[in-house]
Amino acid sequence: MKDARPCSIADTLALVGEKYSLLVLREVSLGATRFDQLVRNIGAPRDVLTARLKRLVDAGVLEKAEYSDRPKRYEYRPTRAGLELVPVLMTLMAWGDRHLRADGDRPMVIEHICGHELVPQVACAECGKEVRQEDLTAHPQAPGWTVTGPAAA
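Cut-off values and rules
- Residues numbered from 1 in each chain as written.
- Predicted model: local features only at pLDDT ≥ 70, side-chain atom pairs only at ≥ 80, totals over all residues.
- Heavy atoms only, no water.
- Helix = DSSP H or I, 4+ residues; strand = E, 2+ residues; numbered from the N terminus.
- Polar contact = N/O pair within 3.5 Å; in protein donor to acceptor, adjacent residues only side chain to side chain.
- Contact = heavy atoms within 4.5 Å.
- Phe/Tyr/Trp six-rings, centres within 6.5 Å; stacked < 30°, edge-to-face > 60°.
- Lys NZ or Arg CZ within 6 Å of the ring centre and 35° of its normal.
- Axes fitted to C-alpha atoms, helices over the stretch in contact; angles between N-to-C directions.
- Left-handed = near helix turned anticlockwise from the far one by under 90°.
- Nonpolar A, V, L, I, M, F, W, Y, C, P; charged D, E, K, R; others polar.
- Pairing = 2+ DSSP bridges.
- Buried < 20%, exposed > 50% of the residue type's maximum accessible area, 1.4 Å probe, protein only.
- Arc of directions from axis to C-beta.
- Expected span 1.5 Å × (residues − 1).
- Salt bridge = Lys/Arg side-chain N within 4 Å of Asp/Glu carboxyl O.

Asks: I would appreciate a short explanation of the side chain of Arg-52 in the present structure.
Replies: Within the secondary structure layout, Arg-52 lies in helix α4 (residues 46-58). In terms of polar contacts, Arg-52 uses its side chain to reach the backbone carbonyl oxygen of Lys-19, at 2.8 Å. Look past the residues within four positions of Arg-52 in its chain and what remains in contact with it is Glu-18, Lys-19, Tyr-20 and Ser-21.

Written as structure tokens, this is what we have:
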């Protein structure tokens, strides 16, 4: 059996797709940076949360900063890589609000600096147009792969 398609989405999911990892990033981006806050707000078992935090720190998505010497206690802050995931979280939240929530029954609204409710959209950095599936063309870069799968031998 051949290996799966080389893919940055798969690589990203291997890191942040584990249960509770995106919720850790949600909480840290909202300002809940201490372990006890994370346990309370996420509802994850302490040992699982510890493992997720270690993995996110080791991967450079979060940094651990000591805030108390006696006893030693740490808080978690997003790195530049972690901050780059915030628009992804906002897009996931908006999708969930549209497709998984009853009429207007949203648990959180995010306000943008302009004073309006954030409605995230993905746009091309070059032309500024919103990204739509029908406007995209994939160009596989991994040797031996086509858009539909492995190249014929």
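We are not done yet, so read on.
Asks: Any chance you could explain the packing of aromatic side chains here in plain terms?
Replies: The geometry of two aromatic rings is summed up by the distance between their centres and the angle between their planes. Under the definition given, this model contains zero aromatic pairs. Over the ring of Tyr-74 we find Lys-64, and its NZ or CZ is 4.4 Å from the ring centre.

Asks: Mind showing me how you'd approach the packing of helix α3 (residues 35-42) against α4 here?
Replies: A pair of packed helices can be characterised by two numbers: the angle between their axes and the separation between those axes. Contact pair α3 / α4: the axes reach a minimum separation of 11 Å and the direction vectors enclose 115 degrees. Read as a crossing pair, α3 and α4 show a hand that is right-handed. Here α3 contributes Phe-35, Asp-36, Leu-38, Val-39 and Ile-42 to the contact with α4, which in turn contributes Arg-46, Leu-49, Thr-50 and Leu-53. Classifying every residue of the contact of α3 with α4 gives six nonpolar, one polar and two charged.

Asks: Any chance you could explain the pairing of strand β1 (residues 62-68) here in plain terms?
Replies: Here is the key point about a regular strand: its side chains alternate between the two faces of the sheet. Inspection of the sheet shows β1 paired to strand β2 (residues 73-78) by six bridges, in the antiparallel sense. Paired with Leu-62 across the bridge in β2 is Pro-78.

Asks: I would appreciate a short explanation of α3 in the present structure.
Replies: Each turn of an α-helix holds 3.6 residues, which means side chains three or four residues apart point in the same direction. Taken residue by residue, α3 has Phe-35, Leu-38, Val-39 and Ile-42 as its buried positions. The arc that holds every buried residue of α3, seen down its axis, measures 100 degrees, which confines them to one face. Residues of α3 that are buried in the fold lie against α2 (21-30), α4 and β2. Positive phi appears at Gly-43, one or two residues downstream of α3, with a value of about 80 degrees.

Asks: How do you make sense of α4 when you look at a structure like this?
Replies: Spanning 13 residues, α4 covers 18 Å between terminal C-alpha atoms, matching the ideal 18 Å at 1.5 Å per step. Regarding α4, the residues found buried are Leu-49, Arg-52, Leu-53 and Leu-56. Take α4 and look down its axis: the buried residues cluster within an arc of 100 degrees, on one side only. Relative to its buried face, α4 has exposed residues pointing more than 90 degrees away, namely Asp-47, Lys-54 and Asp-58. Looking at the buried side of α4, the elements it contacts are α1 (8-16), α2, α3, β1 and β2. Where α4 ends, the next residue or the one after it, Gly-60, has phi of about 80 degrees, a positive value.

Asks: For this particular structure, what's the right way to read the pattern of salt bridges?
Replies: Between side chains of opposite charge, a pair can form when the charged atoms approach closely. The final tally for this structure, using the stated rule, is 13 salt bridges. Linking Lys-72 and Glu-66 is a salt bridge whose minimum nitrogen-to-oxygen distance equals 3.1 Å. Residue Glu-66 is classed as partly exposed on the basis of its relative accessible area of 40%. A salt bridge links Asp-69 to Lys-72; the shortest N-O distance between them is 3.4 Å. Within the structure, one salt-bridge network assembled from shared partners comprises Glu-18, Arg-52 and Arg-55.

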